[in-house]
Amino acid sequence: MAPPSLTKPTLEHLRGDQLFSGSAEPRISWKFAYDQGTASGWEQNAYEIEVSSATGNKPELFLVESSASVLVPWPRGSLKSRESALVRVRSRGTSDKSRNDYLWTEWSETASIETVLLEKQDWSAQWIASSSKPEPNANGSLQPLRFYKTFDVPSGPVSKARIYISALGVFDVHINGQQVGDEFMAPGWTCYQHRIPYRALDITSLLEAGKQNTVCVEVAEGWYYGRLGFNGGTRFIYGGDELAVIGQIEVHYTSEDSNGSPWTMVTDDSWKATPSAIQQSEIYDGETYDARNEKQNWKLLSLDGSASLNPAKTMSPPKGGLFFAKAPPVRVTETVTPIEVFRSKSGKAIIDFGQNLVGKLLVKNISLPNGERVTFKHAEVMEHGELGTRPLRIAKATDTVVSAGQDIKDWTPRFTFHGFRYVQVDNWPGELPSKDDFVAQVLHTDLQRRGYFNCSNKSVNQLHKNVVWSMRSNFVSIPTDCPQRDERLGWTGDLQVFCPSASFLYDVTGMLSDWLQDVVSEQMEEERGGIPPLVCPDILPKNWPHMPQAIWDDVTVLTPEVLYKYSGDIQLLENHFESMQTWIDKGIDRGPDGLWNSDRWQLGDWLDPRAPPEFPGDGRTDSVLVADAYLVRVTNVISQVCSILGKNDLAAKYGEDAAAHRAAFQDKYISPKGNLMSNSQTGVALAIQHGLYKNKEQLATGTASLNKLVRSSHFHIATGFAGTPIITHALTASGATQLAYRMLLEKTCPSWMYPVSMGATTIWERWDSMLPDGTINPGEMTSFNHYALGAVADWLHGTVAGISPLEPGWKTFRVRPIPGGNLTNAEASFDGPYGLIKVNWVFEEGKLSLKLQVPPNSKAVVILPSETKDTDAPPSELIVGSGLHDFSCAFNPGEWPPLPSMPAHKKAPGTDTIAV
Ligand code: BGC
């Protein structure tokens, strides 16, 4: 049997196709590809890394005796700025057939890496703005600008050419008329007051040596200057009002020796600037393009020397320094074609894309008389036959094109994006537009997809699909609450509750570690007292109370820990330790008992379905109880993190604190017999999941209460942000998985399947964002694309399909599927740090058949459902190494469908509300 083959190595948390690295000593990872015929039970005991430099020096080899294959240290001296290296690896190991007979794998494919400008002094470029900026638009927004420079590139054989570039605003860059790269809304959104991301782009094939070249950078206001926030929002949050760019073009020649400096051209006052033909482009309100102001060949404008261009001026650098981000770019990842074009009740032309998504329209041809305008208004839903725009609040979400009398081909907005399924087209020439006139371009941070789920129940599959779409829609540069209304902010609580599901579906480590770094930089601002921002980047108005909040601020502790579990990156814990500790020791507002100050208002179980539309925090579970349950959890987690980091004294201290908080919680909220003060689905689920009951008797009361609460709610959901991610987990932990299935499959409102039965294609913010009669929920906070309540996906992955991480990076993972409900099959795959995991089960006539694929150098701990006993004895586990494994067992999932609790004289409902 052959050793496994290896994938191309990856560096840090970069995608395989990301060439540039901001790290001088990038850690290296490789995965194992498991194929039929590969040795089973394969484990690595050594690896060899070969590093070659681009200068053709002899490759260096580094042999390391170690089983590590994830994020192993860079083996040689630090890379310098702009240095490239080629990296390949091989691995030595044994299989369970040939213990002690160590074999080397083949060498992997070679990965290329190139460092960016690692030192501040590598930059010779200056920030530039226009010396004559256009008047602001009537609403105060800035008209985009185009910056130009024509320059001669010395002749000679070019080895590589790069542009390092950023903007105050968002930019597109063109060299000799061609767009560089495919990023949208570059450089993305960060806490600009602290740091501004820049990009490194390969322009070797676009520049012409020995000739005149032109560079054109178009800059719009984006997040830097644009209006952000609800209740009217604020413009120019980061100060100043001048669109600006910084750029440095570097050309390397093959003749240059290893210390040779590149030929360089930078932004300075020799550049020129002119207003764009885009009149305005705003994130919430949309873009207006006036073709009458367009110049022929505008991307090459400065070459012909005819245009009236204003001189650029240099400006002093902004407060935030430049840094190189790890996240992959936002780009178009898919195009969706309309399913229908129809007239609304009042006769408006509406395009239906059949999918709620985030992105922009591409219109193939616009043919209008000179001066006529066509508008495209975006919305997520129709309401009573008309475009449902009320949930957008004051965001206009409208793009406008003004014609110059000539056909405009392939028009698409450049610096805005919308959350939409429907587009209303006003003033389209002639009859109804045709479906063929449009496509929707789907946009998001182009993360690597790695987790999939599928089962025999179509509605559950649709729910899962909706979770994936809501994730894609809300991972646009930063993780946001929603993508459509005048908000789109990085609410920390939303990400915190959704992070386990997100981490399974996509490799979010790079993007979220960048974002968490921003959370820390704001948390540590002196005046904040260690309290993290509720939204990051924090753009909430200064009069918005800066208050400590459980669940949201707990992101500082819980999210690095989830990312560590999914990636195995211990540096994440090291980097975030100070932030965790600051939040726990200083930020939390405590009462004399060490728990939360009971007078502190908490968002709590936000969006409990019983909370009135206008008060989403007024759920049935006491909000301080919710915060205190979380406090016990985060204190336990920081104690575990201390142990992982070898801080044993602190681990003991936080362990004692957690025990004291747990005891205080019991005194405050649990009766001696185990009755919880807030006897609600969320309250009891929190107490079960966070181990808050004192003893077995109390726990039995808790599980019996939860059982009763679920049956007496007729399987309707009664949870918000705090309870939704854990209610099904708590039912499983209580041995009541059939109740979890029954809740999952209930179709009437409120439930997960209610939106699915209403045709939802994304996860809604409220359980009833759309009421059964087709009216939009009257609450002013009603989005149709919020991922938080989709956190149930974590239970679909971990219990229905049955795979979840045990050791960091999934080195050891758990396989514990529990079939139930009307499902006869489920499967999942996860292409984790060690390689592809696959699980598939079929349940027929009381027998479960399970197939499992385990990647080399990792292990699975398998617990078959027949092992879930009613005794205290731990279930028997089977530990298996890499390979393909089959298991089967007899299994009785229990009562199906479970009966609701109801008065004896009422007839039990039929099964027609159970989703199939
Ligand atoms: C957002 C939520 C967020 C909440 C907290 C809302 O407006 O959309 O998802 O977490 O506010 O206040």
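For the structure, see preceding data.
Residues numbered from 1 in each chain as written. Predicted model: local features only at pLDDT ≥ 70, side-chain atom pairs only at ≥ 80, totals over all residues. Heavy atoms only, no water.

> Teacher, can you tell me more about the packing of aromatic side chains here?
Centre distance and the angle of the planes are the two values used to describe a pair of aromatic rings. For the structure on display, the rule yields 34 aromatic pairs. Judged by centre distance (6.0 Å) and plane angle (15°), the rings of Phe376 and Trp411 are stacked. Highlighted residues: Phe376 in strand β28 (residues 373-379) and Trp411 in strand β32 (residues 408-411), separated in sequence by 35 residues. The class for Phe376 is buried, based on a relative accessible area of 0%. The exposure class assigned to Trp411 is buried, which follows from its relative accessible area of 6%. Between Tyr566 and Trp810 the ring centres are 5.7 Å apart and the planes differ by 70°, which places this aromatic pair in the edge-to-face class. Here the residue Tyr566 occupies a position in helix α6 (residues 555-567), and Trp810 occupies one in the loop between β40 (803-805) and β41 (812-815), the gap between them amounting to 244 residues. The residues Tyr566 and Trp810 share a single accessibility class, namely buried. Feature note: the residues Tyr192, Tyr224, Tyr225, Phe236 and Tyr238 constitute an aromatic cluster, connected by ring pairs. Arg90 extends its terminal NZ or CZ atom over the ring of Trp104, reaching a point 4.2 Å from the ring centre. (Phe/Tyr/Trp six-rings, centres within 6.5 Å; stacked < 30°, edge-to-face > 60°. Helix = DSSP H or I, 4+ residues; strand = E, 2+ residues; numbered from the N terminus. Buried < 20%, exposed > 50% of the residue type's maximum accessible area, 1.4 Å probe, protein only. Lys NZ or Arg CZ within 6 Å of the ring centre and 35° of its normal.)

> What's the story with the site of the ligand in this structure? I'm lost.
Every residue lining the ligand is accounted for by Asp481, Arg485, Glu487, Trp491, Asp494, Trp552, Leu603, Trp606, Phe721, Glu765, Met781 and His786. Measuring from an oxygen atom of the ligand, one finds a side-chain N or O atom of Glu487 at 2.6 Å. Residue Trp552 places a side-chain N or O atom 3.0 Å away from an oxygen atom belonging to the ligand. Contact with the protein chains covers 94% of the free accessible surface of the ligand, which is 310 Å². Counted by class, the shell around the ligand contains 6 nonpolar, 1 polar and 5 charged residues. (Near = heavy atom within 4 Å. Polar contact = N/O pair within 3.5 Å; in protein donor to acceptor, adjacent residues only side chain to side chain. Areas by Shrake-Rupley, 256 points an atom, 1.4 Å probe, with all protein chains shown as cover. Nonpolar A, V, L, I, M, F, W, Y, C, P; charged D, E, K, R; others polar.)

> I tried to follow the environment of Ala395 on my own but got confused; where do I start?
Looking at the secondary structure, you find Ala395 in the loop between β30 (386-388) and β31 (398-402). The spacing of Ala395 and Gly779 is 384 residues in sequence and 16 Å in space, taken between C-alpha atoms. With residues up to four places along the chain from it excluded, the contact list for Ala395 reads Tyr284, Asp285, Gln484, Arg485 and Asp486. (Contact = heavy atoms within 4.5 Å.)

> Can you help me understand the sheet that holds strand β45 (residues 859-862) in this one?
Strand-to-strand pairing in sheets goes through backbone hydrogen bonds, with the strands running parallel or antiparallel. A sheet is described by the order of its strands in space; here 4 strands give the open sequence β40-β41-β45-β46, paired in mixed fashion. The sheet terminates laterally at β40 and β46 (878-880), the two strands that pair on one side only. This sheet shows a mean twist of 25° between the axes of neighbouring strands, independent of strand direction. Direction of pairing for β40 relative to β41: antiparallel, over a ladder of 3 bridges. Looking at β41, one finds that Ile803 is bridged to Val815. (Pairing = 2+ DSSP bridges. Axes fitted to C-alpha atoms, helices over the stretch in contact; angles between N-to-C directions.)

> Quick question: what am I supposed to make of empty space enclosed by the protein here?
Over the atoms a probe the size of a water molecule is rolled, and this reveals where empty space is left. Evaluated as defined, the whole model comprises 6 cavities of 30 Å³ or more. Considering only enclosed or pocket space, the largest cavity measures out at about 170 Å³ in volume. If you trace the largest cavity, you find 20 residues lining it, with Trp189, Ala325, Ala327, Ser477 and Asp514 closest to the centre. The biggest single contributor to the lining of the largest cavity is helix α5 (residues 509-523), with 4 residues. In terms of residue class, the lining of the largest cavity is built from 12 nonpolar, 4 polar and 4 charged. (1 Å grid on protein atoms, 1.4 Å probe; cavity = no way out; pocket = protein on both sides within 12 Å on 5 of 7 lines; lining within 4 Å. Points joined across faces, edges and corners; volume = space filled by probe spheres on them.)

> Explanation requested: the sheet that holds strand β47 (residues 883-890) in the structure shown.
Strand order in the open sheet formed by 5 strands is β36-β42-β43-β44-β47, with antiparallel pairing between adjacent strands. The sheet terminates laterally at β36 (451-455) and β47, the two strands that pair on one side only. Neighbour-to-neighbour, the strand axes of this sheet turn through a mean angle of 10°, independent of strand direction.

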